[in-house]
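Chains, contacts and geometry: an overview
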Amino acid sequence: MLTSLHIEGTSLLHRIPVKPKLAVLMGFGLALYLVSNPFALVLATALTGGLYLSTGIRPAQAFQRIRPVLFTIAFLSLVNLVLLTPVETLVLTLRLLAILFLAAAVTASTAIGDFIAAITDLARPLERLGLIKAADIGLAFGLVLRFVPEIAARHDALKEAHAARGLPVKMHRMLGALLIATLKDADRIAEAIDARGIRRH
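Below you will find a few notes about this structure. Being a predicted model, the structure only gives us computed values, none of them experimental. (Residues numbered from 1 in each chain as written. Predicted model: local features only at pLDDT ≥ 70, side-chain atom pairs only at ≥ 80, totals over all residues. Heavy atoms only, no water.)

1. Here's the deal with the overall build of the protein chain
- Along the protein chain, the regular secondary structure elements total 9 helices and 0 strands.
- Each helix (α) and strand (β) of the protein chain, taken in turn from the N terminus, gives the series α-α-α-α-α-α-α-α-α.
- For the protein chain, buried positions account for 35% of its 201 residues.
- In the protein chain, of all internal contacts separated by at least 6 residues, the share reaching a separation of at least 24 is 69%. (Helix = DSSP H or I, 4+ residues; strand = E, 2+ residues; numbered from the N terminus. Buried < 20%, exposed > 50% of the residue type's maximum accessible area, 1.4 Å probe, protein only. Contact = heavy atoms within 4.5 Å.)

Here it is as structure tokens:
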């Protein structure tokens, strides 16, 4: 069962601090939208895909982690084929795949604690302006990363339970149980945070 998005390892990406990785991710995402050459985008997709696998993740697990997003990209590509030319659709699809692989690589090579610390530091200027509390932003970001594998694992468990009972596996039938279980977990985490005084400043 997947319990964390972080993969332990000693790859080059693991050794790079989180802030430069986030800066490269943002810059790369912006730069991609200035590139319209399909061959250049194929190269970018291949490089980011290789970078994702270089974190030490198994190919099957690598696919499982990003499977929902891949299906979403596939659906968008089908829609774009109706609205755009094949070349334009290919360009948009490759852009999305390249940024997805890089984002997955950054997430897999960075511990949640490092993410929280980096996001908190980056939010400090907004805290000085009185707009937000930096620690709350970092904590919220960390909780999102922590909940993603939990929700995915719970979804898979519900699918297996439905299949074992011979019931059709349909999302609308599982959605209620999935939401209730997730909200219960959120309540327990909120109680633990309040009990430890983490959000008291």
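After presenting the structure, the write-up continues.
2. Things to note about helix H4 (residues 59-83)
- The sharpest bend along H4 comes to roughly 60°, located at Arg-67, with the proline Pro-68 sitting one to four residues further on.
- All of the buried residues in H4 are Gln-61, Ala-62, Arg-65, Ile-66, Leu-70, Ile-73, Ser-77 and Asn-80.
- Buried positions along H4 lie against helix H3 (38-53) and helix H5 (86-108). (Bend = angle between axes of the 7 residues up to and from the residue.)

3. Remarks on the environment of Leu-12
- Relative to the elements of secondary structure, Leu-12 occurs in helix H1 (residues 12-15).
- Judged by its relative accessible area of 59%, Leu-12 falls in the exposed class.
- Here the alpha-carbon distance between Leu-12 and Ser-54, two residues 42 residues apart in the chain, equals 8.5 Å.

4. Side note on the side chain of Ser-11
- Relative to the helices and strands, Ser-11 is located in the segment before H1.
- We classify Ser-11 as buried; its relative accessible area is 15%.
- A polar contact of 2.6 Å, which involves the side chain of Ser-11, links it to the side chain of His-14.
- Not counting chain neighbours up to four residues away, the residues in contact with Ser-11 comprise Ser-54 and Thr-55. (Polar contact = N/O pair within 3.5 Å; in protein donor to acceptor, adjacent residues only side chain to side chain.)

5. Some points on the packing of helix H2 (residues 18-32) against H5
- For the pair H2 and H5, interaxial distance at closest approach is 10 Å and the crossing angle is 180°. Here H2 is positioned roughly antiparallel relative to H5, judged by the angle of their axes. Judged by residue contacts, Lys-21, Val-24, Leu-25, Phe-28, Gly-29 and Leu-32 of H2 engage Arg-95, Ala-98, Ile-99, Leu-102, Ala-103 and Val-106 from H5.
- By residue class, the composition of the contact of H2 with H5 is 9 nonpolar, 1 polar and 2 charged. (Axes fitted to C-alpha atoms, helices over the stretch in contact; angles between N-to-C directions. Parallel < 35°, antiparallel > 145°, perpendicular 65-115°, else oblique. Nonpolar A, V, L, I, M, F, W, Y, C, P; charged D, E, K, R; others polar.)

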